[in-house]
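Here is what each chain is made of, one letter per residue.
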Amino acid sequence: MTLLSGIQPTGAIHLGNYLGAVRRWATAHGRDDMFFVVDLHAMTVPHHPGRLRARTREQLAVLLAAGIDPDVACVFVQSDLVDQLGALTWLLESTCTFGEANRMTQFKEKSEGQASVRLSLLTYPVLMAADILLHGADEVPVGEDQTQHLELARTLARRFNNTYGEVFTVPRGVLPQVAARVRDLADPTRKMAKSSGDSPGTIYLLDPPDTVRRKIQRAVTDTVGEVRYDPERQPGVANLLEILAACTGVSPYTAAGTVDSYAALKAAVADAVVETLRPVRERTVELLDDPAELDRVRRAGAERARRRAQPRLDAALEVVGLR
Ligand code: TYM
């Protein structure tokens, strides 16, 4: 059984990434599992080379700080496999239709209103499918926003296998029970997302405790005045309850029963988030001070991932008629 998942170094890791994905990777991982920083994906929007390099290093540190043991699971950086991924992406682009890529809602959202859109933003989900299929992943733990991309990876695996022969495992996306879609604190109609600058509605993993508390204090609620878990009518309060539930290991309904005012809710959420993030933040800062260790992990992970990927890539090249 292989679990596999990745995170983009487009901006700083936030609470949604952590609760929806990274934390779950850290709790259960074995020798066959793979977790990586998807730096190639960060090039689908205008990017700054120095910042990309720094963010990639930072996210590698966060994965380790979150508790993923690189001597157990394989932890690596996507671009260290660029040769193999480039080859497989081409095979999968030749399996995917333009219509399928063009239907992706994330492409529509990110390209809307932009004067110039990189072609890689359109083909990005195919590269993501290559990430997953190259290593024979069985399960892909992700947040809700990746569901459509996961479906595409499944479709491409099946189509490739049916057309040329069984090469790929058909992966399954796995969502968390709570916090599959953490919302923006300042605008709970939107998901919490990475951005280039600081954003009042986003809690970053490396935000100091007083910043975390301030952002939660200012979170948008409503005028209902009652703490109930009702995502339709009270999206802001429901979001805070989901965050509290995810941090304390209870259901959002149970969490709602533990507080009786919005002020008490915010205070409880602030305490829970600060305590949840504290060890990860402290360990990340330590790791960033030890570039040699991060380099060692990166090199060893790349070796391991490349070795593992090659037989499957060879099989795919063979069945399509390139060997
Ligand atoms: P990315 O970097 O946008 O997000 C990393 C993970 O965090 C989850 N996530 C959230 N979960 C809950 N609430 C939120 N507000 C929230 N925002 C993000 C995402 O669902 C994701 O699991 N395309 C992927 C990276 C990727 C990948 C892969 C993932 C590339 N190749 C192969 C799995 C397998 C992405 O952009 O994630």
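Treat the numbers as computed from the prediction; the structure is a model and nothing was measured.

**Some points on the pattern of salt bridges**
Applying the stated rule across the entire model yields 21 salt bridges. For Glu286, the salt bridge goes to Arg283, with nearest N and O atoms at 3.0 Å. One end of the pair, Glu286, and the other, Arg283, are both in helix H11 (residues 262-288), three residues apart, so they sit about a helical turn from each other. Residues Arg296 and Glu293 are paired through a salt bridge, measuring 3.1 Å at the closest nitrogen-oxygen approach. With Arg296 and Glu293 both in helix H12 (residues 291-319) and three residues apart, the pair spans about one turn of that helix. Arg296 sits in the partly exposed class, given a relative accessible area of 35%. One continuous salt-bridge network, built from bridges that share partners, spans Asp71, Glu293 and Arg296.

**Some thoughts on the packing of aromatic side chains**
What the rule picks out here adds up to five aromatic pairs. Counting every residue linked through ring pairs, the aromatic cluster contains Phe160, Tyr164 and Phe168.

**A look at the domain arrangement of the chain**
For the chain, the assigned domains are domain 1 (4-174 + 291-319) and domain 2 (194-285). Computed from C-alpha atoms alone, the centre-to-centre distance between domain 1 and domain 2 is 29 Å. The partner domain 2 presents 16 residues to the 18 residues of domain 1 that form the contact. Taken together, both faces of the contact between domain 1 and domain 2 bury some 1400 Å²; the carbon and sulfur share is 72%. Seen at the junction of domain 1 and domain 2, the total is zero salt bridges. The interface formed by domain 1 and domain 2 holds four residue pairs in polar contact (both at pLDDT 80 or more) in total. The set of elements that each furnish at least two residues to the side of domain 1 that touches domain 2 consists of helix H1 (15-27) and helix H2 (49-65).

**A look at H11**
If you check H11, its first and last C-alpha atoms are 37 Å apart, about what 27 residues at 1.5 Å a residue would give, namely 39 Å. Along H11, the largest kink reaches about 35 degrees and is centred on Arg278; proline Pro279 follows within four residues of it.

**Looking at the nonpolar core**
Counting residues in each nonpolar core, the largest one holds 58 residues, and the members touching the most others are Ile216, Ile243, Leu265 and Val273. Summarising the domain contributions, this core has at least three residues from each of domain 1 (4-174 + 291-319) and domain 2 (194-285). The contacts of Ile216, once residues within four sequence positions are left out, are Leu185, Ile203, Leu240, Lys266, Val269, Ala270 and Val273. Grouped together as the second largest cluster of nonpolar side chains are 42 residues, Leu85, Met128, Val142 and Ala153 included.

**Notes on the sheet that holds strand E1 (residues 4-7)**
Reading across from one edge, E1-E2-E3 is the order of the three strands in this open sheet, with parallel pairing throughout. In the strand order of this sheet, the two ends are held by E1 and strand E3 (74-77), each with one partner. Strand-to-strand twist across the sheet, computed as the mean angle between neighbouring axes with direction ignored, equals 20 degrees. Pairing of strand E2 (residues 34-37) with E3, which is carried by four bridges, proceeds in the parallel orientation. Bridging from a neighbouring strand, Phe35 pairs with Val75 of E3.

**Concerning the site of the ligand**
Residues in close proximity to the ligand total 28 residues, the closest being Gln8, Tyr124, Asp131, Asp145 and Lys194. Side-chain polar atom of Asp131 to a nitrogen atom of the ligand: 2.7 Å apart, as the coordinates give it. At 2.8 Å from an oxygen atom of the ligand is found a main-chain nitrogen or oxygen belonging to Gly143. Its residues placed into classes, the shell around the ligand shows 14 nonpolar, ten polar and four charged.

**Details of the side chain of His135**
Summarising the element assignment, His135 is placed in the loop between helix H6 (119-134) and strand E4 (139-141). Overall, the relative accessible area of 3% leaves His135 in the buried class.

**A closer look at the packing of helix H3 (residues 82-93) against H6**
One way to put it is that H3 packs onto H6 with a least axis distance of 9 Å and a crossing angle of 115 degrees. Read as a crossing pair, H3 and H6 show a hand that is right-handed. Only Thr123, Val126, Leu127, Ala129, Ala130, Asp131, Leu133 and Leu134 of H6 make contact with H3, whose side of the interface consists of Gln84, Leu85, Leu88, Thr89, Leu92 and Glu93.

Conventions used here
Numbers given for residues are sequential positions, taken from 1 along each chain in its written order. Totals for whole chains, interfaces and linings use all residues, but because this is a predicted model, local features are given only for residues with pLDDT of at least 70 and pairs of side-chain atoms are given and counted only at 80 or more. Neither water nor hydrogens contribute to the side-chain values; these are computed over all heavy atoms in the structure. Whenever Lys or Arg places a side-chain nitrogen within 4 Å of a carboxyl oxygen from Asp or Glu, that contact is recorded as a salt bridge. Per the convention used, a helix needs a DSSP run of H or I reaching at least four residues, while a strand needs a run of E reaching at least two, with both numbered from the N terminus. Buried means the residue's accessible area, taken with a 1.4 Å probe over protein chains only, is under 20% of the maximum for its type, while exposed means over 50%, and partly exposed covers the values in between. Two rings from Phe, Tyr or Trp (for Trp, the six-membered ring) form a pair when their centres are within 6.5 Å of each other. A pair whose planes differ by under 30 degrees is stacked, one over 60 is edge-to-face, and the rest are tilted. Residue ranges for the domains trace back to a domain assignment, done automatically or taken from a database. Note on definitions: a residue-residue contact is assigned when non-hydrogen atoms from the two residues lie within 4.5 Å. What gets called buried area is simply the loss in accessible area from a 1.4 Å probe that two parts show on being joined, summed for both. Side-chain atoms alone can form a polar contact between residues adjacent in sequence; in general such a contact is a pair of N or O atoms within 3.5 Å, and within protein one must be able to donate a hydrogen while the other accepts it. Working rule for helices: expected span equals 1.5 Å times residues minus one. What is called the bend at a residue is the angle between a pair of axes, fitted to the seven residues leading up to and ending at it and to the seven starting from it. To define a nonpolar core, start from buried Ala, Val, Leu, Ile, Met, Phe, Trp, Tyr and Cys residues and group those joined through side-chain atoms within 4.5 Å. For two strands to be treated as a pair, DSSP must find no fewer than two bridges joining them. Think of each axis as a best-fit line through the C-alpha atoms, taken over the contacting stretch in the case of a helix, with angles from 0 to 180 degrees between the N-to-C directions. Here a residue is considered near a molecule or strand provided that any single heavy atom belonging to it is located within 4 Å of it. Three categories are distinguished: nonpolar for Ala, Val, Leu, Ile, Met, Phe, Trp, Tyr, Cys and Pro, charged for Asp, Glu, Lys and Arg, and polar for the others, with Gly belonging to the last. Crossing handedness is defined as follows: a turn of the near helix away from the far one that is anticlockwise and smaller than a right angle gives a left-handed crossing, while the clockwise case is right-handed.

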